[in-house]
Amino acid sequence: MKVVHVIYGLNQGGAEAMLEKLVLTGRRMNPEIEQVVINLGKPGVVGKRMADFGVSVTSLGVDSLLGSFRRLPALTRRLRTDRATTVVQTWLWHADLVAGLCARAAGNRRIVWNLRNSMPRHAATKLTSRAVARLCGWLSCRVPARIICNSSAALRAHLAIGYCARKCIVIPNGFDVRRFDGSSSKRREVRACWGARPDDTLVGMVARVDALKDHATFIRAAARVAASAPRARFILVGDGVTRDGAIRERLAETGMTEQFILEARRDDVQRVMSALDVFCLASLSEGFPNVVGEAMACATPTVATDVGDIRDIIGDDRLVAPSRDPEGLANCINYVLGLGEGARRALGLRQRLEIETRFNVENVWARYRDLYGSI
């Protein structure tokens, strides 16, 4: 079997991270299955990492949806391989549409789409993306053989706009817990870089600047936490965090500027997680956020808003708050801080075990592999 993965870009992101984990795990577990990656966009950090591991990664340099249609002939030629043994696995709406049509034009019917967004008709989603999602819904009975959703929330959202139910299956994100050891040396090193004192309690959120990540609610929740936990400090890490004027304005409004540390995107997420006492995600919408699984895999006690499959992933209502509810989110954080150091450590270990048991990347790869073999 050969699997050709097609994605629109390979910069850091949830889908890109899952693609990388899936390919590398598959190479380790089933080296007889050839896996190659076609990136419709320009080379990115994830593509470079995969190439460094010996994965064949080809970037076509497309910079717009219109540009991707101009490359249809070239992509079709690349997908015109042995149709009996090649599976074309596409990632996200744009690649599902473009590469799905190209694979069909090349005579391949072993096409698998991958859906990872739970808001295909939400006003915050770009109009062009919503249009592509609806077009894919209309084509879903004809183009793909199967459709993978990374969460039940993503499945429900896409069925609501017409995706073919009989072709859909939920396969969640997977994590290699061996990469997330939460070591004490990493913890001390990162905390020292942030200037944190040994008795400081660090509460952090790792997310790019995006309206859907709702940094404002996290900041307002932090103000409530700080009122009862004077040794608490708060960390924001993510693309755009250090440049965003709105974040600084909200910090000034709440009087929290001195309690916050802002840092740009980092590739060593496990080191960040190991330095935190509590991880928090305040999103307005998610499917299965990788960052929650990564925090739990690091045994960092994790709280989040009740979006996507969060409630099922975390599995404890005391750690889940309604979205846009700073007081509710603060209550979740305060509950964890009130446990004491030993109980917090035990909570983190239980959450790590949950990831290892239910969302182990090797088991997830096995489900993808078996699906590929069944079509």
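Predicted model, so just to flag it, every value in this text is computed and none were measured.

Draft legend 1. View of the packing of aromatic side chains. Considering all chains together, one arrives at eight aromatic pairs under this definition. Measuring from centroid to centroid gives 6.4 Å for Phe218 and Phe234, while their planes differ by 80°, and the two rings are edge-to-face. Within this pair, whereas Phe218 is found in helix α9 (residues 215-228), its partner Phe234 is found in strand β9 (residues 232-237), the two being separated by 16 residues in sequence. For the pair Phe218 and Phe234, a shared accessibility class is recorded, and that class is buried. Taken together, the aromatic side chains of Trp91, Tyr368 and Tyr372 make up a single cluster linked through ring pairs. Here the guanidinium or amino end of Arg142 rests over the ring plane of Trp138, the centre of that ring lying 4.6 Å away.

Draft legend 2. The layout of surface pockets, seen in detail. Taken as a whole, the second largest pocket spans an internal volume of roughly 520 Å³. Along the wall of the second largest pocket there are 23 residues; nearest its centre are Arg187, Leu276, Asp277, Ala299 and Arg345. If you list the elements that add at least two residues to the lining of the second largest pocket, you get α8 (184-193), α11 (269-275) and α15 (341-358). Broken down by element, the lining of the second largest pocket gets its largest block of residues, five residues, from α15. Its residues placed into classes, the lining of the second largest pocket shows seven nonpolar, six polar and ten charged.

Draft legend 3. The sheet that holds strand β13 (residues 320-321), seen in detail. In space, the six strands of this open sheet follow the order β10-β9-β8-β11-β12-β13, with parallel pairing throughout. Each having just a single partner strand, β10 (260-263) and β13 make up the two edges of the open sheet. In the sheet, β9 pairs with β10 via four bridges, with the strands oriented parallel. Within the sheet, the bridge partner assigned to Leu236 lies in β10 and is Leu262. Strands β8 (201-206), β9, β10 and β11 (278-281) of the sheet are contacted by α9, whose axis makes an angle of about 170° with β9.

Draft legend 4. The arrangement of the pattern of salt bridges in detail. Counted according to the given criterion, the structure contains 24 salt bridges. For Asp239, the salt bridge goes to Arg243, with nearest N and O atoms at 3.8 Å. Overall, the relative accessible area of 41% leaves Asp239 in the partly exposed class. Between Arg266 and Asp268 there is a salt bridge, and its shortest N-O distance comes to 2.7 Å.

Draft legend 5. Here's a closer look at helix α10 (residues 245-254). Its side-chain oxygen placed 3.4 Å from the backbone nitrogen of Ala246, Asp244 serves as the N-cap of α10. Looking one or two places after α10, you find Gly255, whose phi comes out positive at around 70°.

Draft legend 6. Here's a closer look at unusual backbone geometry. Positioned with a positive phi, Ala299 is a non-glycine residue whose angle comes to about 65°. Summarising the element assignment, Ala299 is placed in the loop between α12 (290-297) and β12 (302-305). Here Arg324, not a glycine, exhibits a phi torsion of approximately 60°, which is positive. Looking at the element boundaries, Arg324 is found in the loop between β13 and α14 (326-337).

Analysis parameters
Residues numbered from 1 in each chain as written. Predicted model: local features only at pLDDT ≥ 70, side-chain atom pairs only at ≥ 80, totals over all residues. Heavy atoms only, no water. Phe/Tyr/Trp six-rings, centres within 6.5 Å; stacked < 30°, edge-to-face > 60°. Helix = DSSP H or I, 4+ residues; strand = E, 2+ residues; numbered from the N terminus. Buried < 20%, exposed > 50% of the residue type's maximum accessible area, 1.4 Å probe, protein only. Lys NZ or Arg CZ within 6 Å of the ring centre and 35° of its normal. 1 Å grid on protein atoms, 1.4 Å probe; cavity = no way out; pocket = protein on both sides within 12 Å on 5 of 7 lines; lining within 4 Å. Points joined across faces, edges and corners; volume = space filled by probe spheres on them. Nonpolar A, V, L, I, M, F, W, Y, C, P; charged D, E, K, R; others polar. Pairing = 2+ DSSP bridges. Contact = heavy atoms within 4.5 Å. Axes fitted to C-alpha atoms, helices over the stretch in contact; angles between N-to-C directions. Salt bridge = Lys/Arg side-chain N within 4 Å of Asp/Glu carboxyl O. Polar contact = N/O pair within 3.5 Å; in protein donor to acceptor, adjacent residues only side chain to side chain.

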